[in-house]
Number of protein chains: 2
Amino acid sequence: MLQDAAVLIDGETIAWVGPRRDAPKVGAQHAAPLQVVEITGVLFPGFIDCHTHAVFGAPRLDDQERRALGVDYKAIAAAGGGILQSVRDVRARSETELAALTRSRLATLLACGATTIEVKSGYGLELEAELKQLRVIRRLAGELPATLIPTFLGAHEVPPEYRGKRAEYVRLLCEEMIPAVAREGLAQCCDVFCEPGVFSATESRQILTAAARHGLAVKLHADELEGSGGAELAAELGALSADHLAAISDEGIRALAGSSTVAVLLPATMIFLGRRSQAPARRLIEAGAAVALATDFNPGTSPTLSLPLVMALGVSQLGLRHAEAVTAVTVNAAAALGLAANRGQIAPGCVGDLVVAAVDDWREVAYWMGTDVVSAVWTAGSACPA
Amino acid sequence: MLQDAAVLIDGETIAWVGPRRDAPKVGAQHAAPLQVVEITGVLFPGFIDCHTHAVFGAPRLDDQERRALGVDYKAIAAAGGGILQSVRDVRARSETELAALTRSRLATLLACGATTIEVKSGYGLELEAELKQLRVIRRLAGELPATLIPTFLGAHEVPPEYRGKRAEYVRLLCEEMIPAVAREGLAQCCDVFCEPGVFSATESRQILTAAARHGLAVKLHADELEGSGGAELAAELGALSADHLAAISDEGIRALAGSSTVAVLLPATMIFLGRRSQAPARRLIEAGAAVALATDFNPGTSPTLSLPLVMALGVSQLGLRHAEAVTAVTVNAAAALGLAANRGQIAPGCVGDLVVAAVDDWREVAYWMGTDVVSAVWTAGSACPA
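Small disclaimer: the values here were computed from a predicted structure and weren't measured. (Residues numbered from 1 in each chain as written. Chains lettered and ligands numbered in written order. Predicted model: local features only at pLDDT ≥ 70, side-chain atom pairs only at ≥ 80, totals over all residues. Heavy atoms only, no water.)

*Asks:* Help me understand the overall build of chain A in this model?
*Replies:* When its secondary structure is counted, chain A shows 14 helices and 14 strands. Taken over the C-alpha atoms alone, chain A extends approximately 70 × 40 × 40 Å along its principal axes. Going through the 386 residues of chain A one by one, you find that 57% of them count as buried. Long-range contacts, defined here as pairs at least 24 residues apart, represent 69% of the contacts in chain A between residues at least 6 apart. Seen as two clouds, the 33 positive and the 43 negative side-chain charges of chain A have centres 2 Å apart. (Helix = DSSP H or I, 4+ residues; strand = E, 2+ residues; numbered from the N terminus. Buried < 20%, exposed > 50% of the residue type's maximum accessible area, 1.4 Å probe, protein only. Contact = heavy atoms within 4.5 Å. Lys, Arg positive; Asp, Glu negative; His and termini not counted. Charge placed at Lys NZ, Arg CZ, Asp CG, Glu CD.)

Below is the structure:
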């Protein structure tokens, strides 16, 4: 924590940071004229939301109420809800329509401080609809000042056409969809929902091995509601992250602690699901695992666009210290996306992504619940419109 | 739910509401010229936050982190935290300073849709400091466009000077503080924190009976973390509300169901406390009790200023239907403040307090977590500055 600090940004990159009185004189070697911006509040590295499903159609309001009244997820799916509702919705919409819907959501995430945002596909579950989602992400990456990291999640669920022939869908993923996504350069990562009833550890290994062969980094939805060895598999595969983890086993904790795989925790999801449990964040940290936080923004189980709210839940629900909550949406979230080299810190050589919180004490960024504390955002050295 | 509706406001009061095509012609009998405002989105009655402790000094950030690390409330108090930290803080600040801090918080509550806000004292715990808090509320009631309902909560805790002589403090409350507050007309309600270790049911009865004698309506913090017959006492005394209720007994539920006392539930508090339980909202509703929701905004256990977030928690954590969540911050919250006659509804004769949510489906007001869905607010017929 620096008081009365200065940050020098050269083009898109942080050139220097330190006490204001020590700031280097900027000379004529710089083409652009020096622009001085005075800031009141606390300056953070741009926040990184390393897990979202932001490309979708309508909110799943019926699911929320059914769950409130005690209907379980199988009955919700049988009533036409659940992930497959969003799949039908995304398949039916045009790329332009999805882009318009997603644009305003990502703009809100950015306004709340997320300068880098991972966005997954996974509501298509057929080649063209998955490519459509990924093209929405590519289009918005060119339009919005945030950095978007696209992840292929064709293995979000077995689509209805492949019920009873799941091996065929896994084959389709490995032999057609992943190669097509990689060929078009539409994704940087591949993710699988590894959970009993969705994809088994064996299937997940098969899919992610194919993804790695095609040059995609790998991630896993692991041990969300039931343990299934997902965390262990993530460590085994050298995944960037294992996400959710509310039902992680002791062995899973040891596996993550002994690996470079980041544990991405999603406390807002458990709250929105009305669950009474959360991932064992302190045990993960004490074992030596790196813990990140993310919104899990999606229409069925986490309609939240605020990383500061997630940070507050990180402290109050997961037992993180304030400093751990900040690390969890900066340095560790960067690592969960393979971006640790130049994101997540205010340090020379890092991208000039910065967030100002209008607070007196830096810890307030993980304290106010549901109030917008972010007053200004810069990405790649430029101020974002308010 | 009306589609394509119109609302006619005459002065500060709603004169008519119905389908736009049926709107009455406004003739020359009205002094003020007719002003037409077109609205896109969903129009709600102004939300009512019926339980806040908004007059305080600093956030209690240390408490939040200590609790995250597993320190219990007694150890937090022993370390200088808890309610008494806010008491020392409020006693040390001037009325002007407290007014400035409180003003911006209430402005945020209002911007999030709370047009009527109950505000409690209770961080003074001595006559002058309690009066100072109540004067802050009176001052801000004159400055802000929201309606503020002041509640005397001198019985929030036994102050340090009276440890070991609590009967004397109860006597002071009944014989000096309540009469002084009533004499100055500084409060409409009196509240007591009835909980094992704070005030017993017997002490609470004594205090609230004195309050009623001085013309104050009565409310109770009841059965928050341990049951103590608080709900039953609230019903017995004809209290406007019994608040918290996470530990209410079956008998307490029956008592509230058979009374006009509103059950005020505060789900954000349980989340911020890291608790794994919530008040039995469905059982209360099914028994026939009226359920309201509030922020419980305070620096130690609920730093939230957003009733929409609380509504979303009401659905997801308490199991309310969307419509019940809306009722809980409108009609039922009005009843919890004794204002049911002309607040909490868009109906002729009601105060012209209105909120616009920028959503497609009205249920979204209790869905998005931590995103500001309120796009415009009117109080007493006038638009609030954005």
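*Asks:* What should I look at first to understand the sheet that holds strand β3 (residues 42–45) of chain A in this one?
*Replies:* Backbone-to-backbone hydrogen bonds join strands into a sheet, with any given pair of strands oriented parallel or antiparallel. Residues and elements named next belong to chain A. Read from one edge to the other, the open sheet built from four strands follows the order β3-β12-β13-β14, with strand pairing classed as antiparallel. Either end of the sheet is taken by a strand with one partner, and the two such strands are β3 and β14 (382–383). Sheet topology places strand β12 (residues 354–357) next to strand β13 (residues 374–379); four bridges connect them, and they run antiparallel. Bridge pairing in β13 places Val355 opposite Val377. (Pairing = 2+ DSSP bridges.)

*Asks:* Would you mind going over the pairing of strand β1 (residues 5–10) of chain A with me for this structure?
*Replies:* For a regular strand, side-chain orientation follows a simple rule: the groups alternate between the two sheet faces. In terms of strand pairing, β1(A) meets strand β2 (residues 13–19) of chain A through six bridges, oriented antiparallel. Bridge pairing links Asp10(A) to Thr13(A) in β2(A).

*Asks:* Looking at this structure, how should I read the relation of the copies chain A and chain B?
*Replies:* Each of the two chain copies goes to the other by way of a rotation about an axis and a shift along it. Least-squares fitting of chain A to chain B yields an RMSD of 0.0 Å, with the superposition described by an axial translation of 0.0 Å and a rotation of 180°. On the angle and the small slide along the axis, the relation comes out as a two-fold axis. By C-alpha distance to the rotation axis, the residue of chain A lying nearest is Gly370(A), at 2.1 Å. Most of the interface of chain A is mirrored in chain B, where 100% of its interface residues are also at the interface. (Least-squares fit on C-alpha atoms with pLDDT ≥ 70 in both.)

*Asks:* Is there a simple way to think about the environment of Thr371(A) in this case?
*Replies:* Its place among the elements puts Thr371(A) in the loop between β12 and β13. Since its relative accessible area comes to 17%, Thr371(A) is described here as buried. Residues Thr371(A) and Cys112(A), spaced 259 residues apart in sequence, show a C-alpha to C-alpha distance of 9.8 Å. If near-sequence neighbours (up to four positions away) are discounted, Thr371(A) is found in contact with Thr108(B) and Leu305(B).

*Asks:* Help me understand the pattern of salt bridges in this model?
*Replies:* Opposite charge on two side chains makes pairing possible when the charged atoms of those side chains draw close. Residues and elements named next belong to chain B. Following the criterion strictly, the structure yields 54 salt bridges over all chains and no others. For Arg20, the salt bridge goes to Asp4, with nearest N and O atoms at 3.1 Å. You can see Arg20 sitting in the loop between β2 (13–19) and β3 (42–45) and its partner Asp4 sitting in the segment before β1 (5–10), a full 16 residues away along the chain. The exposure class of Arg20 is partly exposed, given its relative accessible area of 39%. Here Asp4 falls in the exposed class, since its relative accessible area comes to 54%. Taking the shortest distance from any N to any O, the salt bridge between Asp361 and Arg363 comes out at 2.9 Å. (Salt bridge = Lys/Arg side-chain N within 4 Å of Asp/Glu carboxyl O.)

*Asks:* Just checking my understanding: could you explain helix α4 (residues 95–111) of chain A for this structure?
*Replies:* Side chains of residues three or four places apart in an α-helix project in the same direction, reflecting 3.6 residues per turn. All names here are of chain A. Relative to the 24 Å expected for 17 residues at 1.5 Å per residue, α4 spans 24 Å between its end C-alpha atoms, a close match to the ideal helical length. For α4, every residue scored as buried is listed here: Leu98, Ala99, Thr102, Arg105, Leu106, Leu109 and Leu110. Those residues of α4 that are buried are in contact with β4 (47–49), α3 (83–92), β5 (114–120), α5 (127–143), β6 (147–155) and β13. Immediately downstream of α4, the backbone of Gly113 shows phi near 110°, a positive value. (Expected span 1.5 Å × (residues − 1).)

*Asks:* What is the right way to read the sheet that holds strand β14 (residues 382–383) of chain B from this model?
*Replies:* Residues and elements named next belong to chain B. Ordered in space as β3-β12-β13-β14, the four strands form an open sheet in which the pairing is antiparallel. Two strands close off the open sheet at either side, each with one partner strand: β3 and β14. With four bridges connecting them, β3 and strand β12 (residues 354–357) associate as antiparallel partners. From the neighbouring strand, Leu43 faces β12, where its bridge partner is Val356.

*Asks:* Whenever I open this one, the packing of aromatic side chains confuses me. Can you help?
*Replies:* The full count for this structure, using the stated rule, is 12 aromatic pairs over all chains. Judged by centre distance (5.4 Å) and plane angle (45°), the ring pair of Tyr162(A) and Tyr169(A) falls under tilted. The burial state of Tyr162(A) is the same as that of Tyr169(A); both residues are buried. Taken together, a centroid distance of 4.9 Å and an interplanar angle of 80° make the contact between Tyr367(A) and Trp368(A) edge-to-face. We note that Tyr367(A), like Trp368(A), is buried. Lying across the ring of Tyr162(B), Lys165(B) places its NZ or CZ 5.3 Å from the centre. (Phe/Tyr/Trp six-rings, centres within 6.5 Å; stacked < 30°, edge-to-face > 60°. Lys NZ or Arg CZ within 6 Å of the ring centre and 35° of its normal.)

*Asks:* Would you explain the environment of Val373(A) in this entry?
*Replies:* Residues and elements named next belong to chain A. Looking at where Val373 falls in the secondary structure, it is placed in the loop between β12 and β13. Classification of Val373 by relative accessible area gives buried; the value is 7%. Taking the C-alpha atoms as reference points, Val373 and Val7, separated by 366 residues in sequence, lie 21 Å from one another. In this structure, Val373 is in contact with Pro308, Val356, Ala357, Ala358, Val359, Glu364, Val365 and Trp368, ignoring residues within four places of it in sequence.

*Asks:* Looking at this structure, I do not really get the interface of chain A and chain B. What am I missing?
*Replies:* Accessible area lost upon the coming together of the parts is a frequently used measure of interface size. Contacts between the two partners involve 46 residues from chain A and, on the opposite side, 49 residues from chain B. Across the interface of chain A and chain B, roughly 3,900 Å² is buried in total on both sides, 59% from carbon and sulfur atoms. Interface area lost by chain A to chain B is led by Arg276(A), Tyr367(A) and Met369(A), which between them contribute 20%. On the surface where chain A and chain B come into contact, there are four salt bridges. Of the charged contacts in the structure, one is a salt bridge between Glu65(A) and Arg321(B), with a shortest N-O distance of 3.7 Å. For the side of chain A that touches chain B, the secondary-structure elements that each account for two or more residues are α1 (61–68), α10 (267–272) and α12 (307–316) of chain A. Of the residues assigned to the side of chain A that touches chain B, the class counts are 22 nonpolar, 14 polar and 10 charged. (Buried area = accessible area lost by both parts, 1.4 Å probe. Nonpolar A, V, L, I, M, F, W, Y, C, P; charged D, E, K, R; others polar.)

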